[in-house]
Amino acid sequence: MDAVMLAAGNSTRFGENKLLCLLDGKPVYRYMLKLLYRKQNQHKIRHLIVVSQYGEILADVREHFPGVQAVCNPEPEKGISGSIRLGLSCLMQLAGNAQAAPDAVSGMQPCGHGDACLFAVADQPGFSESSFDKMLDFWERHPYGIVAAGLAAQPGQDAQMKNPVIFSSEYYPQLLALSGDCGGKQVIRRHMEDAGLCPLPAAELEDLDTRQALERFEHRLAFLRVFPFLKEKGHVIALTGAGGKTTFMETLASYYAGMGNKVIMTTTTHILRPARHPAAENPARLKQLLEKHWIVAAGSDAPQGKLRMSDNMQLSDYRKAADVVLIEADGAKHFPCKVPLETEPVIPDECDTVIGVAGMDALGQPLCDACFRKEKAAELLGTGKGHRITGKDLAAILYSEHGTRKGTAGRDYYIVLNKCDNEIIRARAQHIRELLLQKGAQHVACISCKPGSMYCK
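Residues numbered from 1 in each chain as written. Predicted model: local features only at pLDDT ≥ 70, side-chain atom pairs only at ≥ 80, totals over all residues. Heavy atoms only, no water.

On a plain count of helices and strands, the protein chain comes out with 14 helices and 23 strands. Once the C-alpha set of the protein chain is aligned to its principal axes, its extents read approximately 85 × 45 × 35 Å. The burial tally for the protein chain puts 55% of its 457 residues in the buried class. Taking all contacts inside the protein chain whose residues are at least 6 apart in sequence as the whole, residues at least 24 apart take part in 70%. When the accessible area of the protein chain is evaluated, it comes to approximately 20200 Å², of which 49% is carbon and sulfur surface. Seen as two clouds, the 53 positive and the 51 negative side-chain charges of the protein chain have centres 4 Å apart. (Helix = DSSP H or I, 4+ residues; strand = E, 2+ residues; numbered from the N terminus. Buried < 20%, exposed > 50% of the residue type's maximum accessible area, 1.4 Å probe, protein only. Contact = heavy atoms within 4.5 Å. Areas by Shrake-Rupley, 256 points an atom, 1.4 Å probe, with all protein chains shown as cover. Lys, Arg positive; Asp, Glu negative; His and termini not counted. Charge placed at Lys NZ, Arg CZ, Asp CG, Glu CD.)

Shown next, in the form of structure tokens:
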């Protein structure tokens with residue numbers, strides 16, 4: 001298997017060269033480049049060629065990636081076909097099988113039975129080694145001459161064709177004959193009977209064509225860094241406290257689903273019936289819905305458009321059906337913070353992770369107006385009900401074994417300071433975070449799930 005990375009686009013929709021934009025201190029193109037380079041060193045890729053119009057990228061390849069061929073595309077305005085021809089021609093020169101000049105297409109010969117090239121784009125920084133290996137395994141196990149990454153919008157639906165794409169050498173002449181802004185999809189459409197789609201996580205296949213896409217990816221990186229359990233299956237996660245638990249639970253569910261996981265959202269108390277996701281009341285319906293949707297709510301109908309814990313299903317049913325179970329284990333009547341009663345929260349024994357949530361909009365508000373179970377809160381803090389909540393108070397509630405940390409013994413405990421919707425609130429949240437870390441908290445995140453002000457640190 002050989003590989004060509006295409007890095008010569010003009011980033012028209014982005015407004016500037018997106019490939020040189022920094023993500024966690026590393027330019028966008030380097031994510032895919034380093035992945036392919038590792039695979040070359042693991043001997044899963046024989047020849048690796050990078051085609052670009054940008055001197056910075058070409059110089060980086062030549063200086064820091066020995067054995068990788070850097071090919072300049074001097075006419076990127078003529079479309080992606082030029083980059084494909086340049087990369088493939090270089091590959092065939094390396095293989096010593098034919099002349100490299102594009103006008104010698106008719107004289108090209110296949111590079112031998114079983115030879116193939118993976119074409120990757122440089123603006124898919126989320127593409128993982130696991131997905132690379134899945135594509136190679138899919139290629140080896142199926143007789144297709146073309147294999148593309150497949151994006152399934154929902155389980156059970158036909159996948160959409162995405163990059164990367166693997167082409168057998170028998171298609172090299174057709175790829176070399178492309179012109180203008182026509183890429184490999186033109187060849188695929190002629191040979192759909194010989195094309196297979198390897199289903200891969202949606203989050204890994206997004207091209208960073210716009211600044212909004214870049215911001216989404218930055219937020220995803222931050223979430224994965226702050227909540228490392230998102231990279232793992234099998235978790236049963238309970239959310240407690242107040243201040244936006246349901247919204248935050250749906251955000252976690254979306255991240256899990258974007259990585260190809262089936263998720264169940266449920267409750268041991270009551271939650272609003274999710275508007276964007278279907279709900280199941282019994283195991284048969286749950287199984288049926290999970291065949292068509294990444295995220296399913298589970299529970300029985302309750303008054304005021306809510307769901308309660310199902311009488312027909314147990315947690316074992318959820319764990320068998322889905323990759324991850326998210327449970328809202330505490331009620332708060334829409335208050336931004338909470339101190340629980342003796343019978344709260346309701347955390348199942350099977351739960352391995354607890355996330356305690358508080359809303360930053362509690363700060364400065366009277367305890368009686370901003371805290372659910374205000375009597376318990378006044379008792380915990382040693383104040384009157386008219387006391388205005390400070391950052392120190394919020395830290396005390398979140399870390400106390402009689403507050404949000406209640407019931408977390410033996411489990412991973414994460415604290416979320418929610419609704420950090422602007423810079424002023426974020427600065428206050430960082431101060432509370434420092435107080436919590438001083439108390440001994442291990443995991444404290446400051447977040448905003450509000451569209452347009454997504455934040456996670």
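Before going further, it helps to examine the pairing of strand β11 (residues 263-267). Every regular strand shows the same layout, with side chains that alternate between the two sheet faces. β11 sits mainly inside the fold: five of its five residues count as buried. Both β11 and strand β14 (residues 295-298) contribute to a ladder of three bridges, which runs parallel. Looking across to β14, one finds that Val-263 is bridged to Ile-295. (Pairing = 2+ DSSP bridges.)

A few words now on helix α3 (residues 80-95). If you check α3, its first and last C-alpha atoms are 23 Å apart, about what 16 residues at 1.5 Å a residue would give, namely 22 Å. What α3 keeps buried is the set Ser-81, Gly-82, Ser-83, Ile-84, Gly-87, Leu-88, Ser-89, Cys-90, Leu-91 and Met-92. The elements touched by buried residues of α3 are β1 (2-7), β4 (48-52), β5 (69-72), β6 (116-121) and α5 (172-176). Trailing α3 by a residue or two, Gly-96 shows a phi angle of about 65°, which is positive. (Expected span 1.5 Å × (residues − 1).)

Before going further, it helps to spend a moment on the pattern of salt bridges. Counting across every chain of the model gives 27 salt bridges. For the salt bridge of Asp-60 with Arg-30, the shortest nitrogen-to-oxygen distance reads 2.8 Å. With a gap of 30 residues between them, Asp-60 in helix α2 (residues 55-64) and Arg-30 in helix α1 (residues 28-41) connect regions that are remote in the sequence. Looking at Arg-30, the relative accessible area reads 17%, which means it is buried. Put simply, Glu-129 and Lys-39 hold a salt bridge, and the shortest N to O gap is 3.2 Å. Pair noted here: Glu-129 is in helix α4 (residues 129-141) and Lys-39 is in helix α1, with a separation of 90 residues, a long-range link. The exposure class of Glu-129 is partly exposed, given its relative accessible area of 26%. (Salt bridge = Lys/Arg side-chain N within 4 Å of Asp/Glu carboxyl O.)

The next thing to look at is the packing of helix α13 (residues 391-399) against helix α14 (residues 423-439). Each pair of packed helices can be described by the angle between their axes along with the distance between the axes. Packing of α13 against α14 brings their axes to within 9 Å, and their N-to-C directions diverge by 45°. With respect to α14, the axis of α13 lies oblique. When you trace α13 past α14, the crossing you get is right-handed. In this structure, α13 contributes Gly-391, Lys-392, Leu-394, Ala-395, Ala-396, Leu-398 and Tyr-399 to the contact, and α14 contributes Ile-432, Leu-435, Leu-436 and Lys-439. Tallied by class, residues from the contact of α13 with α14 come to eight nonpolar, one polar and two charged. (Axes fitted to C-alpha atoms, helices over the stretch in contact; angles between N-to-C directions. Parallel < 35°, antiparallel > 145°, perpendicular 65-115°, else oblique. Left-handed = near helix turned anticlockwise from the far one by under 90°. Nonpolar A, V, L, I, M, F, W, Y, C, P; charged D, E, K, R; others polar.)

This part is about the pairing of strand β10 (residues 236-241). Counting buried positions along β10 yields six of six residues, so the element is predominantly enclosed. In β10, alternate side chains face the same way, and those of Val-236, Ala-238 and Thr-240 on one face and Ile-237, Leu-239 and Gly-241 on the other are all buried. Pairing of β10 with strand β19 (residues 353-359) involves five bridges; the strand directions are parallel. The residue bridging Gly-241 from the neighbouring strand is Val-357, located in β19.

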